[in-house]
Amino acid sequence: MELYKDINGDSGVLGYEIGDDYIMVQFKTGAIYTYTYLSAGAEKVETMKVLAKSGNGLNSFINRYAKKLYA
């Protein structure tokens, strides 16, 4: 699991793991959710991958667009 950079210091995300068709996100609560192409759609997963690598905006994106779309 890669540590999430959290550039602004305000994220609930602790880490992530990226695969070809999924992203696994670990939150500071300890919860780990996997968002897949099947569960959330390829476009959302690919956006989450970009945000994860950038260290900014992942938690907000998940809360707005993918909150319950985990596998």
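Computed from a prediction, not measured in an experiment: that's the story for all the values here.

Peer 1: Which parts of the structure should I look at to understand the nonpolar core?
Peer 2: Nonpolar side chains tend toward joint burial in soluble globular proteins. Residues Ile 23, Val 25, Tyr 35, Met 48, Leu 58 and Ile 62 are the most contacted members of the largest nonpolar core, which totals 16 residues. Going through the elements one at a time, β2 (13–19), β3 (22–27), α2 (42–54) and α3 (58–66) are the ones with two or more residues in this core. Sequence-distant contacts of Val 25, defined by excluding residues within four places in its chain, comprise Val 13, Gly 15, Tyr 16, Ala 31, Ile 32, Tyr 33, Tyr 35, Leu 58 and Ile 62.

Peer 1: Would you mind showing me how to read the side chain of Lys 49 here?
Peer 2: Topologically, Lys 49 is positioned in helix α2. Discounting residues that sit within four places of it in the chain, Lys 49 has contacts with Ile 18, Gly 19, Asp 20, Asp 21, Tyr 22, Ile 23 and Tyr 37.

The rules behind each value
Residues numbered from 1 in each chain as written. Predicted model: local features only at pLDDT ≥ 70, side-chain atom pairs only at ≥ 80, totals over all residues. Heavy atoms only, no water. Core = buried A, V, L, I, M, F, W, Y, C linked by side-chain atoms within 4.5 Å. Buried < 20%, exposed > 50% of the residue type's maximum accessible area, 1.4 Å probe, protein only. Helix = DSSP H or I, 4+ residues; strand = E, 2+ residues; numbered from the N terminus. Contact = heavy atoms within 4.5 Å.

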